[in-house]
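Structural features, examined
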Amino acid sequence: PVLLVVVLGGLLINLPMHYVRTVGDVIDLPVIRAGLPDVLSTAGAERTVRWVHVSDLGDLGHLLEGGELVLTTGDALRRDPRRYLENLARAGALGVIAEFDDSSAIPSEIGPVAVELGLTAVVLRREIKFVEVTEQVHRSLVAEQYAAVEFAHRTHETFTQLTIRRASPAEI
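The following refers to the structure shown. (Residues numbered from 1 in each chain as written. Predicted model: local features only at pLDDT ≥ 70, side-chain atom pairs only at ≥ 80, totals over all residues. Heavy atoms only, no water.)

Right, let's get into the pattern of salt bridges. For the structure on display, the rule yields 6 salt bridges. Notably, a salt bridge pairs Asp75 with Arg78, separated by 2.6 Å at the nearest N-O pair. One end of the pair, Asp75, and the other, Arg78, are both in helix α3 (residues 75-79), 3 residues apart, so they sit about a helical turn from each other. Owing to a relative accessible area of 25%, Arg78 belongs among the partly exposed residues under this scheme. Each member of the salt-bridge network shares a partner with another, and the members are Arg50, Glu65 and Glu68. (Salt bridge = Lys/Arg side-chain N within 4 Å of Asp/Glu carboxyl O. Helix = DSSP H or I, 4+ residues; strand = E, 2+ residues; numbered from the N terminus. Buried < 20%, exposed > 50% of the residue type's maximum accessible area, 1.4 Å probe, protein only.)

Have a look at this one:
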């Protein structure tokens, strides 16, 4: 992991800066790579993932709040790609990663429809453990939030100490 080093009032603060933040970061995870991904649309791959949601429902829009990346075994996506992807886009999802086995044909419209709707679409050709994806992403999201709170706390403590010492602007 890359570290951001901040020096504040003589206090050295190291902040880890490598987190799973974007859809592209999720696609680059080893667990996803192990599924032999076929990236059909990179639309929106730079957007920040708020959460990863696992579902096989045909219309899960009512369960989403926006910013989610959906993991699915893909039955509903195979049956009616346009409807499935439109429901995701309407709900504010970022994209979908679907498991299709080697014998399943990938509907040709998934990629173009996903691009049209601004969704990332990835098909995995090998089964993976979705729990590994959700654990890695959610752990990263929580760690990033914790690091931000910890940084704010350390910064507050540092400035409090500098204020008590009546530090000059040069010291700060």
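Among the nonpolar cores identified, the biggest contains 19 residues, and Leu64, Val70, Leu77, Tyr84, Leu85, Leu88 and Val96 are the most heavily contacted of them. Elements with a contribution of two residues or more to this core: α3, α4 (81-91), β6 (95-99), α5 (110-117) and β7 (120-124). For this core, the element with the highest residue contribution is α4, accounting for 4 residues. Look past the residues within four positions of Leu77 in its chain and what remains in contact with it is Tyr84, Leu85, Val96, Ala98, Phe100 and Ile110. Listed in part, the 18 residues of the second largest apolar core include Ile27, Val31, Ile128 and Val133. (Core = buried A, V, L, I, M, F, W, Y, C linked by side-chain atoms within 4.5 Å. Contact = heavy atoms within 4.5 Å.)

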